[in-house]
Amino acid sequence: MENRSRRAYSGWAVALAIVLVYALVPVLWLISLSFKSPATVSDKKFIPTDTTFENYTTLFSGGLDSPLLRPLINSILIALIATIIAVTLAAFTAYAIARLDFPGKTLILAGALAIAMFPPISVVGPLFDMWRALGLYDTYPGLIIPYLTFALPLAIYTLVAFFREIPWELEQAAQVDGATPWQAFRKVILPLATPGVFTAAILVFIFAWNDFLFAITLTSSDRARTVPAALAFFTGESQFTAPTGNIAAAAVLVTIPIIIFVLIFQRRIVAGLTAGAVKG
Amino acid sequence: MADIKLHDITKRYADGTEAVKHMNLDIKDGEFMILVGPSGCGKSTALRMIAGLEDISEGELLIGDKVVNNLSPRDRDIAMVFQNYALYPHMTVRENMGFALKLAKVDQGEIDKKVEGAAKILDLSEHLDRKPSNLSGGQRQRVAMGRAIVRDPQAFLMDEPLSNLDAKLRVQTRTEVARLQKDLSTTMVYVTHDQTEAMTLGDRVAVMRAGVLQQVDTPRMLYNDPINIFVAGFIGSPAMNFFSATISGAKLKLPFAELAVPEGVSHTGEVIVGVRPEDFEDAALAPPNHPGGVEFEAPVEVLESLGSEIYAYFSFEGGAVSSDQLADLARDAGVAETPSGGGGGRAVARLNPESEISEGSRARLWIDGAKAHLFDPHDGSSLKSSRQEQRAGAQAAAAAVEAESEKDPPARAAAGADGGSTAPE
Ligand SMILES: Nc1ncnc2c1ncn2[C@@H]1O[C@H](COP(=O)(O)OP(=O)(O)OP(=O)(O)O)[C@@H](O)[C@H]1O
Ligand SMILES: [Mg+2]
């Protein structure tokens, strides 16, 4: 018994180590690259021989006109706005889908799924023309709107699953206790769906943060260009040096907000929050 | 506090199921009313219509002389305890109990006072700042009760509030509920499928079957004077025994004995006779010279000694009864509890613990013929003359139900205020 669990344990440890190495080595390599000078960037050594912060400082030199600062601000704002709008709308939609029986309910779910499966590449062309005609090209809404169309289905699906888990009777209890439908939703259902709301928020945020296709197609300047698109416009010191170090440094920087975001919200995703609502 | 009146209430679900059919019930102010019946008979549906959680398809519901059909639950001023308690898991016990008051914008000092008062009554004072998930089943049940009583509502509605507790706790909590209702003297509608709970708790008990109200009476009247074979078989544990018998002249012929026809019965030919287990006795220990008492001999197959009493299962030849009312009971209770309904040819007698009858032998038993209940073999209704008069009234109501279910023949058997049809074997 003891033996077996110990063997199972070490088996898991090995598997975990392999996954960790597989996932982390490229990241570590990236970090290593970001600390190398242009001269040593292709020396194939894991530990940088001449550690330098130059790659980072050049990214921010020049204040708002620096290569990274504006895109970073754009990225954060656009991803946050898209997340807030998507999760708010999705919470209402998912609640209605999970709770009510109304005509067209399946149509909404099927439609959401169909949109989520739509390849983005097929819409960017028409969007480019439309956005230019409408004056949305190279603006925040110009990116937030297409993000919403893809993020909403994602958020709705996640939240429907969470809302379905919440016992109907809690809401009825709230009604009997004198709550209006809105109060029942706000004070009972939403707090219980918090883990779901944060899960959806993380997924949407990561989706918006990582998007490259829309960002590169629908922006033309630092007005709305996000970090993934801005990376593509980095130039080397001269025409003939690749900006490898700078790109690596920017890539490291762009990962940090995501990690922070996940760490903050992960603590809110406490499983089993609904335990104790009903007989346990 | 208020009275609750159900006038001819029907519930039809979206899929066409008629869960409650033409229900009429007057619940008096301060009364403890029990809705009881087998699983799926529409008790919860009826209760949820009173609460406002379910729309009323037909009829009128009055709380305190006000028609509330179209009022939402929050405007009805009733408190409900759900079967699985439905405590808010993200709130402490204190917040759970104070939630309704907080929504009603009662000031915080007042809320605290009321919550602490209720917590004291329910012995929850030490647990006020804990979350429901950290409480035991019994404590959760009390929090659910507490959530109801802090509000001082017009009425309490409870849907099987004790069914999630283990047997011992259930008995203990049962007395607590009774005491609480007496102290508060608030109208209470209490749903259960446990006839013991119904008998011990209620001022009056309403027995339902397949959406139709069968009889509303005090527990004592239900026990002594059931309106039909269904109520007779449902109330009492172990259940009443049923035999088919014939009346000829002044004699009532049972498969194993011949009795005098009880007073007030004017019927001849086939009847169904119901005898409660306690109306049998070991012939050696039977009261002497009891009017209507008759001795008979029967093979005892199984003896169950409980210390305080002995249950003897004896068999008899022919005369087993089958009826859809009894079939309903058997389905709900498990066949063992309605011996002659399911097994056929077997009855249970409750004997004095001093009885020396032995298993597997023929024993001399005694039956109290005066206590036998007689039922019509066709519709299962009681043949007592007082009941026959009531039937005339009930049949008028039943006619409405019958007329309605005309389009839907299978529903007919289940309809009718005095139960479905009974077919003797
Ligand atoms: N939402 C619904 N839609 C259709 N039929 C329903 C619905 N809810 C209940 N029913 C049916 O209505 C009938 C009565 O149900 P109800 O829940 O009132 O039974 P109950 O007497 O409370 O039974 P139990 O003791 O098992 O709780 C059942 O036959 C059930 O199948
Ligand atoms: Mg029920």
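Residues numbered from 1 in each chain as written. Chains lettered and ligands numbered in written order. Predicted model: local features only at pLDDT ≥ 70, side-chain atom pairs only at ≥ 80, totals over all residues. Heavy atoms only, no water.

J.: I'd like to hear about the overall build of chain B, residue by residue, with values.
T.: When helices and strands are tallied, chain B shows 12 helices and 22 strands. Residues counted as buried form 54% of the 425 residues belonging to chain B. At a minimum sequence separation of 6, the contacts of chain B that also span at least 24 residues come to 70%. Accessible surface for chain B amounts to roughly 17,600 Å². Of this, 48% is attributable to carbon and sulfur atoms. (Helix = DSSP H or I, 4+ residues; strand = E, 2+ residues; numbered from the N terminus. Buried < 20%, exposed > 50% of the residue type's maximum accessible area, 1.4 Å probe, protein only. Contact = heavy atoms within 4.5 Å. Areas by Shrake-Rupley, 256 points an atom, 1.4 Å probe, with all protein chains shown as cover.)

J.: I'd love a proper account of the packing of helix H4 (residues 137-149) of chain B against helix H5 (residues 167-184) of chain B, names of residues and values included.
T.: Angle between the axes and distance between the axes are the two parameters that describe a pair of packed helices. All names here are of chain B. The interhelical angle for the contact between H4 and H5, taken along N-to-C directions, is 15°, at an axis separation of 12 Å. Comparing the axis directions of H4 and H5 gives the class roughly parallel. In the crossing of H4 with H5, the sense of the turn from one axis to the other is right-handed. Residues Gly138, Gln141, Arg142, Met145 and Ile149 of H4 form the contact with H5, whose participating residues are Leu169, Thr173, Glu176, Val177, Leu180 and Leu184. Looking at the contact of H4 with H5 residue by residue, the classes come out as 6 nonpolar, 3 polar and 2 charged. (Axes fitted to C-alpha atoms, helices over the stretch in contact; angles between N-to-C directions. Parallel < 35°, antiparallel > 145°, perpendicular 65-115°, else oblique. Left-handed = near helix turned anticlockwise from the far one by under 90°. Nonpolar A, V, L, I, M, F, W, Y, C, P; charged D, E, K, R; others polar.)

J.: Give a detailed account of the pattern of salt bridges, specifying residues and quantitative values.
T.: In the structure shown here, the tally under the stated rule is 22 salt bridges over all chains. A salt bridge links Lys105 of chain A to Asp101 of chain A; the shortest N-O distance between them is 3.8 Å. Judged by relative accessible area, which is 19%, Lys105 of chain A ranks as buried. Between Asp368 of chain B and Lys371 of chain B there is a salt bridge, with the nearest N and O atoms lying 3.8 Å from each other. Connected through shared salt-bridge partners, Glu295, Glu297, Arg362 and Arg364 of chain B make up one network. (Salt bridge = Lys/Arg side-chain N within 4 Å of Asp/Glu carboxyl O.)

J.: Describe the nonpolar core, naming the residues involved and giving the relevant values.
T.: Membership of the largest hydrophobic core comes to 104 residues, with the highest contact counts inside it found for Phe163 of chain A together with Ile4, Leu6, Met23 and Leu25 of chain B. Considering every element that reaches this core, the biggest residue donor is helix H8 (residues 181-210) of chain A, with 15 residues. Excluding residues within four positions of it along the chain, Ile4 of chain B makes contact with Leu25, Asp26, Ile27, Ile50, Leu61, Leu62, Ile63, Ala155, Thr187 and Val189 of chain B. Formed by 52 residues, the second largest nonpolar core is a distinct cluster that contains Val81, Ala148, Leu162 and Leu329 of chain B. (Core = buried A, V, L, I, M, F, W, Y, C linked by side-chain atoms within 4.5 Å.)

J.: Tell me about the domain arrangement of chain B, residues and numbers included.
T.: All names here are of chain B. Splitting chain B by domain gives domain 1 (4-223) and domain 2 (238-383). Just the C-alpha atoms count here: the centres of domain 1 and domain 2 sit 37 Å apart. Contacts between the two partners involve 5 residues from domain 1, matched on the other side by 7 residues from domain 2. Between domain 1 and domain 2, a total of about 560 Å² is buried, with carbon and sulfur atoms accounting for 36% of that surface. When the buried surface of domain 1 facing domain 2 is broken down by residue, Pro38, Arg209 and Tyr223 rank first, second and third, together holding 85% of it. Taken together, domain 1 and domain 2 are joined by 0 salt bridges. Linking domain 1 to domain 2 there are 2 residue pairs in polar contact (both at pLDDT 80 or more). For the side of domain 1 that touches domain 2, the per-class residue count stands at 3 nonpolar, 1 polar and 1 charged. (Domains from an automatic or database assignment. Buried area = accessible area lost by both parts, 1.4 Å probe. Polar contact = N/O pair within 3.5 Å; in protein donor to acceptor, adjacent residues only side chain to side chain.)

J.: Which residues make up the sheet that holds strand E16 (residues 293-305) of chain B, and what values go with them?
T.: All names here are of chain B. If you walk across this open sheet you meet the 5 strands as E15-E20-E16-E17-E19, and the pairing is antiparallel. With one partner strand each, in any of the chains shown, strand E15 (280-282) and strand E19 (346-351) form the two edges of the open sheet. Taken over all neighbouring pairs, the strand axes of this sheet differ in orientation by 50° on average, direction set aside. (Pairing = 2+ DSSP bridges.)

J.: So what's going on with empty space enclosed by the protein? Which residues, and what values?
T.: Counted according to the given criterion, the structure contains 2 cavities of 30 Å³ or more. When its volume is computed, the largest cavity comes out at roughly 50 Å³. Secondary-structure elements contributing two or more residues to the lining of the largest cavity are helix H7 (168-176) of chain A together with strand E6 (78-81) and H4 of chain B. Taken together, the residues of the lining of the largest cavity break down into 6 nonpolar, no polar and 2 charged. Approximately 30 Å³ is the volume attributed to the second largest cavity. As for the second largest cavity, its lining consists of Leu122, Gln141, Met145, Thr173, Glu176, Val177 and Leu180 of chain B. Going through the elements one at a time, H4 and H5 of chain B are the ones with two or more residues in the lining of the second largest cavity. Take the lining of the second largest cavity: its biggest share by element is 4 residues, from H5 of chain B. (1 Å grid on protein atoms, 1.4 Å probe; cavity = no way out; pocket = protein on both sides within 12 Å on 5 of 7 lines; lining within 4 Å. Points joined across faces, edges and corners; volume = space filled by probe spheres on them.)

J.: Which residues make up the site of ligand 1, and what values do they have?
T.: Residues and elements named next belong to chain B. For ligand 1, the full set of nearby residues is Tyr13, Asp15, Thr17, Ala19, Ser39, Gly40, Cys41, Gly42, Lys43, Ser44, Thr45 and Glu160. Backbone polar atom of Cys41 to an oxygen atom of ligand 1: 3.2 Å apart, as the coordinates give it. Within the backbone of Gly42, one N or O atom sits 3.0 Å away from an oxygen atom of ligand 1. Within the shell around ligand 1, the residues separate by chemical class into 3 nonpolar, 6 polar and 3 charged. (Near = heavy atom within 4 Å.)

J.: An account of the interface of chain A and chain B is requested, with residue identities and associated values reported.
T.: With 24 residues of chain A in contact, the opposing surface of chain B contributes 24 residues. Counting each side, the surface lost to burial between chain A and chain B is near 2,200 Å², with a carbon and sulfur contribution of 60%. For the interface between chain A and chain B, the tally reads 8 residue pairs in polar contact (both at pLDDT 80 or more). Of all the elements in the fold, those that place two or more residues in the side of chain A that touches chain B are H7 and H8 of chain A. When residues in the side of chain A that touches chain B are grouped by element, the largest group, 7 residues, is from H7 of chain A.

J.: Now, about helix H3 (residues 108-121) of chain B: what can you tell me, with residues and values included?
T.: Residues and elements named next belong to chain B. For H3, spanning 14 residues, the distance from its first C-alpha to its last is 20 Å, which sits close to the expected 20 Å at 1.5 Å a residue. In the core, the buried residues of H3 are packed alongside helix H2 (93-103) and H4. At the C-terminal side of H3, Asp123 shows a positive phi close to 65°. (Expected span 1.5 Å × (residues − 1).)

J.: Got a sec to walk through the UniProt feature "transmembrane region" (unreviewed entry) in chain A? Specific residues and values, please.
T.: Residue and element names in this part refer to chain A. Listed under "transmembrane region" (unreviewed entry) in the UniProt record, and renumbered for this structure, are residues 12-31, 72-95, 107-128, 140-163, 188-209 and 247-265. The span residues 140-163 is 100% helix and 0% strand, and its two end C-alpha atoms sit 31 Å from each other. With 100% helix and 0% strand, the stretch residues 247-265 has end C-alpha atoms that lie 28 Å from each other. (UniProt positions renumbered as here; feature names shortened; annotations may be inferred.)

J.: Let's hear about a positive patch on the surface: which residues, and what values?
T.: Together, Arg186 and Lys187 of chain A together with Arg74, Lys102 and Lys105 of chain B line one region of the surface with positive charge. Residue position: Arg186 of chain A is located in helix H8. (Patch = residues over 30% accessible without salt bridge, like charges linked within 9 Å, V, L, I, M, F, W, Y side chains within 5 Å. Lys, Arg positive; Asp, Glu negative; His and termini not counted. Charge placed at Lys NZ, Arg CZ, Asp CG, Glu CD.)

J.: Give me the lowdown on the pairing of strand E14 (residues 269-275) of chain B, citing residues and values where you can.
T.: All names here are of chain B. In terms of burial, E14 is largely enclosed, as 5 of its 7 residues are buried. Of the strand pairs in this sheet, strand E11 (residues 241-248) and E14 are connected by 7 bridges, and their pairing is antiparallel. Bridging from a neighbouring strand, Thr246 pairs with Glu270 of E14. Note: E14 against strand E21 (residues 373-375), 3 bridges, orientation antiparallel.

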